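Overview (structure and organization)
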Amino acid sequence: MRIGELSRRTGVSPRLLRYYEEQGLLRSERDANGYRRYHPEAADRVGRIREFLDAGMTTETIRGLLPCAQGGPGLQTCRHTVQVLDDELTRVDEQMAELQRRKEALRGVTEAMNARRREDEALAVAALRSA
């Protein structure tokens, strides 16, 4: 199938499909006229790529997992896939901890700002009363 048909089947733009190819995630062959031709299973492969991207994986990580993502949902179990997924979960846990730390820091700034605003309002009210 040509790139336009693959795009229609998957909902992924031709530009993004070319990017996947540049990243080594997707393969095509060229017609005599230079047009890209994709194998029928390319639509499933693009679906897997989207699934992994939606999970927050990098194209580099995905490139390493795709050989184990053949033949239906899930991944073939091997040390490599287990390690990659464990590493991804650890990375997500670290990001969540960092986001929680940042949330608490923002909460502290907001609380300090609100306390100062209340103090300023109280001073303004006191100034008006004494005037």
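Residues numbered from 1 in each chain as written. Predicted model: local features only at pLDDT ≥ 70, side-chain atom pairs only at ≥ 80, totals over all residues. Heavy atoms only, no water.

Structural notes on the overall build of the chain
- Regarding its fold elements, the chain presents five helices and two strands.
- For the chain, the succession of helices and strands along the chain, N to C, is α-α-β-β-α-α-α.
- Over its C-alpha trace the chain gives a radius of gyration of 26 Å, far above what one expects of a compact globule, namely 14 Å for 131 residues.
- Oriented by its inertia axes, the alpha-carbon framework of the chain measures out at about 90 × 40 × 20 Å.
- Looking at the chain residue by residue over its 131 residues, the buried ones come to 23%.
- Long-range contacts, defined here as pairs at least 24 residues apart, represent 43% of the contacts in the chain between residues at least 6 apart. (Helix = DSSP H or I, 4+ residues; strand = E, 2+ residues; numbered from the N terminus. Rg over C-alpha atoms; globule rule 2.2 N^0.38 Å. Buried < 20%, exposed > 50% of the residue type's maximum accessible area, 1.4 Å probe, protein only. Contact = heavy atoms within 4.5 Å.)

A closer look at the environment of Arg37
- For Arg37, the location among the structural elements is in strand 2 (residues 36–37).
- Of the residues examined, Arg37 reaches a relative accessible area of 32% and is grouped as partly exposed.
- Once residues within four sequence positions are removed from consideration, Arg37 is found in contact with Met1, Arg2, Ser28, Glu29 and Asp31.
- Side-chain polar atoms of Arg37 contact the side chain of Asp31, separated by 3.0 Å. (Polar contact = N/O pair within 3.5 Å; in protein donor to acceptor, adjacent residues only side chain to side chain.)

Section: the nonpolar core
- Of all hydrophobic cores here, the largest spans 20 residues; its most connected members are Leu6, Leu17, Tyr20 and Leu26.
- When contributions to this core are tallied by element, the ones reaching two or more residues are helix 1 (3–10), helix 2 (14–22), helix 3 (42–54) and helix 4 (59–65).
- Broken down by element, the residue count for this core peaks at five residues, all from helix 3.
- Dropping the residues within four chain positions of it, Tyr20 is found in contact with Val12, Leu25, Leu26, Val46, Ile49, Arg50 and Leu53. (Core = buried A, V, L, I, M, F, W, Y, C linked by side-chain atoms within 4.5 Å.)

Observations regarding helix 3
- Taking 1.5 Å as the rise per residue, helix 3 with 13 residues should run 18 Å; its terminal C-alpha atoms sit 18 Å apart, in good agreement.
- Within helix 3 the residues assigned to the buried category are Ala42, Ala43, Arg45, Val46, Arg48, Ile49 and Phe52.
- Considering only its buried residues, helix 3 is in contact with helix 1, helix 2 and helix 4.
- A positive backbone phi angle near 90 degrees is found at Gly56, which sits one or two residues after helix 3. (Expected span 1.5 Å × (residues − 1).)

Details of the packing of helix 1 against helix 2
- Direction vectors running N to C along helix 1 and helix 2 enclose 105 degrees, while the axes themselves pass 9 Å from each other. Of the possible angle classes, the one that applies to helix 1 and helix 2 is roughly perpendicular. On the side of helix 1, the interface is formed by Ile3, Leu6 and Ser7, while helix 2 contributes Pro14, Leu17 and Arg18.
- When grouped by side-chain class, the residues that make up the contact of helix 1 with helix 2 number four nonpolar, one polar and one charged. (Axes fitted to C-alpha atoms, helices over the stretch in contact; angles between N-to-C directions. Parallel < 35°, antiparallel > 145°, perpendicular 65-115°, else oblique. Nonpolar A, V, L, I, M, F, W, Y, C, P; charged D, E, K, R; others polar.)

Quick notes on the UniProt feature "coiled-coil region" (unreviewed entry) in the chain
- Feature annotation in UniProt assigns "coiled-coil region" (unreviewed entry) to the following positions: residues 82–116.
- This span, residues 82–116, is 100% helix and 0% strand, and a straight line between its end C-alpha atoms measures 51 Å. (UniProt positions renumbered as here; feature names shortened; annotations may be inferred.)

A look at the packing of aromatic side chains
- What the rule picks out here adds up to one aromatic pair.
- Aromatic pair Tyr19 and Tyr20: ring centres 6.5 Å apart, planes at 55 degrees, arrangement tilted.
- Relative accessible area serves as the criterion here: at 35%, Tyr19 is assigned to the partly exposed category.
- Given the relative accessible area of 1%, Tyr20 is considered buried. (Phe/Tyr/Trp six-rings, centres within 6.5 Å; stacked < 30°, edge-to-face > 60°.)

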